[in-house]
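Secondary and tertiary structure notes
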Amino acid sequence: MINKTVANVREACEGIDDGMTFMLGGFGLCGIPENIINELVRRNVQGVTCISNNAGVDDFGLGLLLKKHQIKKMISSYVGENAEFERQMLSGEMEVELVPQGTLAQRCEAARTGIPAFFTPAGYGTEVAEGKETREFNGKMHIMERAFEADFSFVKAWKGDEAGNLIFKGTARNFNPAMCGAGKITVAEVEELVPAGELDPNHVHIPGIFVQRIFQGEKYEKRIEQLTVRKK
Amino acid sequence: MLDKNQIAQRIAKEVKDGYYVNLGIGIPTLVANFVRDDISVEFQSENGILGMGPFPYEGEEDPDLINAGKQTITALPGASFFDSAMSFGMIRGQHVDLTILGAMEVSQNGDIANWKIPGKMVKGMGGAMDLVASAENIIVAMMHTNRAGESKLLKECTLPLTGVACVKKIVSNLAVMEVRDGKFHLLERAPGVSVEEIQQATEGDLVVEGDIPEMKF
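Residues numbered from 1 in each chain as written. Chains lettered and ligands numbered in written order. Predicted model: local features only at pLDDT ≥ 70, side-chain atom pairs only at ≥ 80, totals over all residues. Heavy atoms only, no water.

1. Things to note about the overall build of chain B
Let me state the cut-off plainly: To qualify as a helix, a DSSP run of H or I must reach at least 4 residues; to qualify as a strand, a run of E must reach at least 2; elements of each kind are numbered from the N terminus. Using C-alpha atoms as the atom set, the radius of gyration is obtained and then compared with a globule rule of 2.2 Å times the number of residues to the power 0.38. Each residue's exposure class comes from its accessible area (1.4 Å probe, protein chains only) as a fraction of the maximum for that residue type: buried when under 20%, exposed when over 50%, partly exposed otherwise. Contact criterion: two residues are considered in contact whenever any of their non-hydrogen atoms come within 4.5 Å of each other. The accessible surface values rely on the Shrake-Rupley method and a 1.4 Å probe; as for residues, cover is taken only from the protein chains in view. Under the counting rule used here, the positive set is Lys and Arg, the negative set is Asp and Glu, and His together with the chain ends is not counted. Note on charges: their place is set at NZ of Lys, CZ of Arg, CG of Asp or CD of Glu.
Helix and strand counts for chain B stand at five helices and 15 strands. In terms of overall dimensions, chain B is globule-like: its C-alpha atoms have a radius of gyration of 17 Å, near the 17 Å expected for 217 residues. Projected onto its principal axes, the C-alpha coordinates of chain B cover approximately 50 × 40 × 30 Å. Out of the 217 residues belonging to chain B, those deemed buried represent 55%. Once local pairs closer than 6 in sequence are excluded, the contacts in chain B between residues at least 24 apart make up 61%. A total of about 9200 Å² of accessible surface is found on chain B, and carbon and sulfur atoms cover 48% of it. Counting 19 positive and 30 negative side-chain charges, chain B places the centres of these two groups 5 Å from one another.

See below:
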């Protein structure tokens, strides 16, 4: 067993630097690496590019980095929940690349699986296709999209073991698996870190080979963005 | 004229037994409330669930279980979870039978615009571009006109496009229409709405053939 554990979030974030590109898992506030985001804020790393489906809300998730103007460029599919984001984007303070959600996921998946580029029909005939190679397959037009390149992938899982194997819970899985192994270094924070041998190998979603560092997060707020319930 | 719930109710009639269905945010989400309970349908939410159920009971909400609108939901028996790459693999691979989504504008050749108003609103396309580019069967739920009374069913879209030549059917507050051969074809009228009213509210070419029946629910 190759042990991937690090003591804490500080050790897990060794080597991060200004100007780097980070991938961050999560959909809305669901399944985001909360402890790592807090550490990025604490370290005040500057001028970073973030690849993440969303940009958090004003006072949680990546919104915390936005508020401190740490993000130079954001690559996302949907950013509608964040007023400060919209302000920085429209004023030109921050660069934004909007990517169709399936293309975003596949550009991560391609990066981790050694596929430099792929063709997708998503965005053909729209501004997303501008400047991109197009090609017809089976009578349908496609555009070429490239794999992402990132310095770090930051992901969050439900359970993990010392070997870096990961299990996700519910829809908190989202972008996290596709980002594992997509960046040069993948750091996973988990709610529960267990010794090797305690996870049933049949239940592992992401094998430890895709993870370089793993630690148990100190605490999880798991904020709900839209609480919707029905009466009993 | 239909309200939002009635639009959803009419669209629900298009949902057939054995369908996997992706519902967009807004009116499309309401469709789930009106699907007949004697047929088997599974709802997909592109953030990673098949077999999405209703909102949880108070106090039973799980922050790790949400839909693409970030609302807390439940998982029905037979549900499954998966990652975003697999989710859009399902969509791109045309395994989802029906996509229902909203629109700001639709053109008579089936182009759709629903993600950006230059200089005013830029929230992003989310999964909409992937959905409209790949789905075989797309129904748009929308208001026929904007707040100023201007038609949203146009010869050509004025807003940045989400997808080209992809919309097959539209259910608006006034009518059910099919998009075929570069024209809107009127199929049904909302109760109490005349063909003339629908024609007036439609900037694009509208084909009216024979008697147009009122919608039934």
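2. Description of the interface of chain A and chain B
Test applied: For any pair of parts, buried area is found by adding up, for both, the accessible area (1.4 Å probe) each one loses once the two are put together. Salt bridges are defined as contacts in which a side-chain nitrogen from Lys or Arg sits within 4 Å of a carboxyl oxygen from Asp or Glu. Polar contact criterion, stated in full: a pair of N or O atoms within 3.5 Å, where within protein one must be able to donate a hydrogen and the other to accept it, and residues adjacent in sequence count only if both atoms are side-chain atoms. Each residue is assigned to one class: nonpolar for Ala, Val, Leu, Ile, Met, Phe, Trp, Tyr, Cys and Pro, charged for Asp, Glu, Lys and Arg, and polar for all the others, Gly among them.
The partner chain B presents 49 residues to the 50 residues of chain A that form the contact. When chain A packs against chain B, the two sides together hide about 4300 Å² of surface, and 58% of this comes from carbon and sulfur. Interface area lost by chain A to chain B is led by A:Thr171, A:Thr228 and A:Arg230, which between them contribute 16%. Remark: the boundary between chain A and chain B carries six salt bridges. Residues A:Lys222 and B:Asp64 are paired through a salt bridge, measuring 2.5 Å at the closest nitrogen-oxygen approach. Taken together, the links from chain A to chain B amount to 26 residue pairs in polar contact (both at pLDDT 80 or more). Elements supplying a minimum of two residues to the side of chain A that touches chain B: helix H4 (83–90), helix H5 (101–113) and helix H6 (176–179) of chain A. For the side of chain A that touches chain B, the leading source of residues is H5(A), giving six residues. A per-class count over the side of chain A that touches chain B returns 20 nonpolar, 17 polar and 13 charged.

3. Points about the sheet that holds strand S14 (residues 183–189) of chain B
Residues and elements named next belong to chain B. Going by this rule: The criterion for strand pairing is that DSSP finds at least two bridges linking the strands in question. Whenever a helix is involved, its axis is fitted only over the stretch in contact; in every case the axis is a line through C-alpha atoms, and angles between N-to-C directions fall within 0 to 180 degrees.
With mixed pairing, the ten strands of this open sheet are ordered in space as S4-S3-S2-S1-S5-S10-S12-S13-S14-S15. Single-partner strands in this sheet number two, and they are strand S4 (74–81) and strand S15 (206–207). Pairing analysis gives four bridges linking strand S3 (residues 49–53) to S4, with the strands arranged antiparallel. Bridging across to S4, Leu-50 finds its partner in Ser-80. Helix-sheet contacts for helix H3 (residues 84–92) involve strand S1 (20–23), strand S2 (42–45) and S3, and the interaxial angle to S2 is about 120°.

4. Describing the confidence of the model for chain B
To keep things clear, this is the line we draw: pLDDT measures the predictor's confidence residue by residue and takes values from 0 up to 100.
Mean pLDDT over chain B works out to 96, with 100% of the residues at or above the 70 mark. Predicted as a complex, the structure gets a pTM of 0.96 and an ipTM equal to 0.96.

5. Comments concerning the pattern of salt bridges
A complete count under the given rule lists 29 salt bridges over all chains for this structure. Residue A:Lys73 is joined to A:Glu95 by a salt bridge in which the shortest nitrogen-to-oxygen separation is 3.7 Å. Placement of A:Lys73 in strand S3 (residues 71–76) and of A:Glu95 in strand S4 (residues 95–98) is noted, with a sequence separation of 22 residues between them. Two residues, A:Lys232 and B:Glu60, come together in a salt bridge whose shortest N-O distance is 3.4 Å. Of the two residues, A:Lys232 sits in the segment after strand S11 (213–216) while B:Glu60 sits in the loop between S3 and S4, which places them in two different chains. Given the relative accessible area of 46%, B:Glu60 is considered partly exposed. A single network of salt bridges, built from pairs that share partners, joins A:Lys156, A:Lys169, A:Glu191, A:Lys222, B:Asp62 and B:Asp64.

6. So, unusual backbone geometry
Residues and elements named next belong to chain A. You will see that Asn-138, though not glycine, has its phi angle at about 50°, which is positive. Note on placement: Asn-138 falls in the loop between strand S6 (134–137) and strand S7 (140–146). Phi at Asn-174 is positive, roughly 30°, even though this residue is not glycine. Structurally, the position occupied by Asn-174 is in the loop between strand S9 (166–167) and H6.

7. Quick look at the packing of H5(A) against H3(B)
Worth spelling out the cut-off: Between 65 and 115 degrees an angle is taken as roughly perpendicular, under 35 as roughly parallel, over 145 as roughly antiparallel, and anywhere else as oblique. Take the far helix as your reference; a near helix turned counterclockwise from it by less than a right angle gives a left-handed crossing, and one turned clockwise gives a right-handed crossing.
Where H5(A) contacts H3(B), the axes come no closer than 8 Å and their chain directions differ by 125°. Of the possible angle classes, the one that applies to H5(A) and H3(B) is oblique. For the crossing formed where H5(A) meets H3(B), the hand is left-handed. Two secondary-structure elements touch here, H5(A) through A:Gln101, A:Gly102, A:Thr103, A:Ala105, A:Gln106 and A:Glu109 and H3(B) through B:Ser84, B:Ala85, B:Phe88 and B:Arg92. A per-class count over the contact of H5(A) with H3(B) returns three nonpolar, five polar and two charged.

8. Points about the pairing of S6(A)
All names here are of chain A. As paired elements, S6 and S7 share four bridges and run antiparallel to each other. Looking across to S7, one finds that Glu-136 is bridged to Met-141. In this structure, the hairpin formed by S6 and S7 is closed by a connection of two residues, where Asn-138 is found at a positive phi of approximately 50°.

9. Considerations on the sheet that holds strand S6 (residues 105–107) of chain B
All names here are of chain B. Taken together, three strands build an open sheet; the order of strands is S7-S6-S11 and the sheet is mixed. Strands with a single pairing partner mark the edges of an open sheet, and in this sheet they are strand S7 (112–113) and strand S11 (153–154). Bridging between S6 and S7 involves two bridges; their strand directions are antiparallel. Paired with Val-106 across the two strands is Ile-112, which belongs to S7.

10. Some thoughts on the pairing of S3(A)
Residue and element names in this part refer to chain A. Of all six residues in S3, five are buried; the element is thus mostly enclosed. Of the pairings in the sheet, the one linking strand S2 (residues 48–51) to S3 comprises four bridges and is parallel in character. For Val-48, the partnering residue across the bridge sits in S3 and is Ile-71. The pairing of S3 with S4 spans four bridges and is classified as parallel. The residue bridging Met-74 from the neighbouring strand is Val-96, located in S4.

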